Amino acid sequence: MQVAHSVESDAYPFEINRIGDVAGAEIIGLDLSKPIDIATRDAIMRAFLEHHVLVFRDQDLTKDQQAAFSENFGTLEHHVGRLPNGEPFPIVHTVTNLGPDGKPLGEKMGKGNFHWHTDKSYHEVPSLMTMLHAKQVPADGGDTQFANTRMGYAALPEATKDRIAEMKAEHSWEASRRNTKSPPATEEQKRERPPVTHPVVRTHPDTKDKILYVGCHVSHIHDMPRDESDDLLAELMDHTTQPKFVYSHRWRKGDYVMWDNRCLLHRASPNFDTANEARVLHRTVIIGTKPY
Ligand SMILES: [Fe+2]
């Protein structure tokens, strides 16, 4: 069990406690449904860069309030997916294991989120942060896991760092669907989201740390035989998702979590009763900057 401990108390104008070894801090006492001032916003951003995953406890935001809070941190982004009626997802998208009849889908639920990824790396300009607000959580499990790819990079052998220093990889929605054994991308989605190329090692635009930028949206590394690329990607993924680099977040109802997609991989854990328990989260995403 991980024990919360307080962070230097005078550094932040709110109670903040570290809750994970490699990422994660909880913030107590802020009400995100109300407007925040610039000083609070800036303090949240400092905490975000320090801890990578922030968990605001005991929140209860409407979707409009979540959109308004999210916009303190940048521009909201739409999702590439479509609802069953063909419409785009709304700007505050519901992540749920419930079907149209309100019952848990069990085995029929999509599995893409169970694979390690960094949000929207199949975009030329991927996500800065993602926010999830827990509305219904299973009694046990349904965790979201975060792998620290800054620590993963730092712990690589020097020879591997040298080898991958200048490598570039192709990311695409199509590859993501293939890698996660999900229904294939539609022609419309392929047109809307053509493949993009990113460095395998990116520099965090705020902290300037070097970071492994991989995950299930990656198709292949350029200028390399495909089997060699597959082996190297698997090696890097296995390395940076070792338990020693992972924080697993056990959700409480009301948690409002924001994380840094530039230095973390994440995945949902299917460690709950998907056929009988509801897991419903409201999601917003803030657009980042082009990786370099
Ligand atoms: Fe995600």
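These numbers were taken from a predicted model, which means no experiment stands behind them.

J.: Hey, could you go over helix α7 (residues 226-240) for me, with residue numbers and the actual values?
T.: An ideal rise of 1.5 Å per residue puts 21 Å on 15 residues; α7 measures up with 21 Å between its terminal C-alpha atoms. Buried within α7 we find Leu232, Leu233, Leu236, Met237 and Thr240. Summarising the axial view, the buried residues of α7 lie within an arc of 130 degrees, below the 170-degree limit, and thus occupy one face. What points out from α7, more than 90 degrees from its buried face, is the exposed set Asp227, Glu228, Asp231, Ala234, Glu235 and Asp238. Lining the buried residues of α7 we find β7 (144-148), α3 (149-154), β11 (210-212), β12 (218-221) and β15 (264-268).

J.: How would you explain the pairing of β15 if you had to name every residue and give the values?
T.: The buried fraction of β15 amounts to five of the five residues, a majority that puts the element mostly inside the structure. Along β15, one buried face is formed by Leu264, His266 and Ala268 and the opposite face, lined by Leu265 and Arg267, is buried too. Inspection of the sheet shows β7 paired to β15 by five bridges, in the antiparallel sense. Paired with Phe146 across the strands is His266, a residue of β15.

J.: Before we move on, can you summarise the environment of Gln66 with the specific residues and values?
T.: Looking at the secondary structure, you find Gln66 in helix α2 (residues 63-70). The contacts of Gln66, once residues within four sequence positions are left out, are Leu61, Val92, His133, His282 and Thr284.

J.: A description of unusual backbone geometry should follow, citing residues and the corresponding values.
T.: For residues besides glycine, phi is generally negative; the peptide bonds are generally trans as well. A positive phi angle, close to 60 degrees, is found at Lys120, a residue other than glycine. In this structure, Lys120 sits in the loop between β5 (93-96) and β6 (127-136). Classification of Lys120 as buried rests on a count of 24 C-beta atoms within 10 Å. Positive phi is not limited to glycine here, since Lys208 has a value of about 70 degrees. Looking at Lys208, the number of C-beta atoms within 10 Å reads 7, which means it is exposed.

J.: Report on the sheet that holds β12, specifying residues and quantitative values.
T.: The three strands lie next to each other as β9-β8-β12, forming an open sheet whose pairing is antiparallel. Each end of this open sheet is capped by a strand with a single partner; those strands are β9 (196-199) and β12. Between one strand and the next, the sheet's axes are offset by a mean angle of 35 degrees, whatever the strand orientation. Both strand β8 (residues 168-171) and β12 contribute to a ladder of three bridges, which runs antiparallel. What sits directly across from Ala169, in β12, is Ile221.

J.: An account of the nonpolar core is requested, with residue identities and associated values reported.
T.: In this structure, Val53, Leu54, Phe146, Val214 and Val257 are the most contacted members of the largest nonpolar core, which totals 53 residues. The element that contributes the greatest number of residues to this core is β6, accounting for five residues. Filtering out sequence-adjacent residues up to four positions away, Val214 remains in contact with Val200, Leu233, Leu236 and Met237.

Scoring rules and cut-offs
- Residues numbered from 1 in each chain as written.
- Predicted model: local features only at pLDDT ≥ 70, side-chain atom pairs only at ≥ 80, totals over all residues.
- Helix = DSSP H or I, 4+ residues; strand = E, 2+ residues; numbered from the N terminus.
- Expected span 1.5 Å × (residues − 1).
- Buried ≥ 20, exposed ≤ 12 C-beta atoms within 10 Å, placed from the backbone.
- Arc of directions from axis to C-beta.
- Contact = placed C-beta atoms within 7 Å.
- Pairing = 2+ DSSP bridges.
- Axes fitted to C-alpha atoms, helices over the stretch in contact; angles between N-to-C directions.
- Core = buried A, V, L, I, M, F, W, Y, C linked by C-beta atoms within 7 Å.

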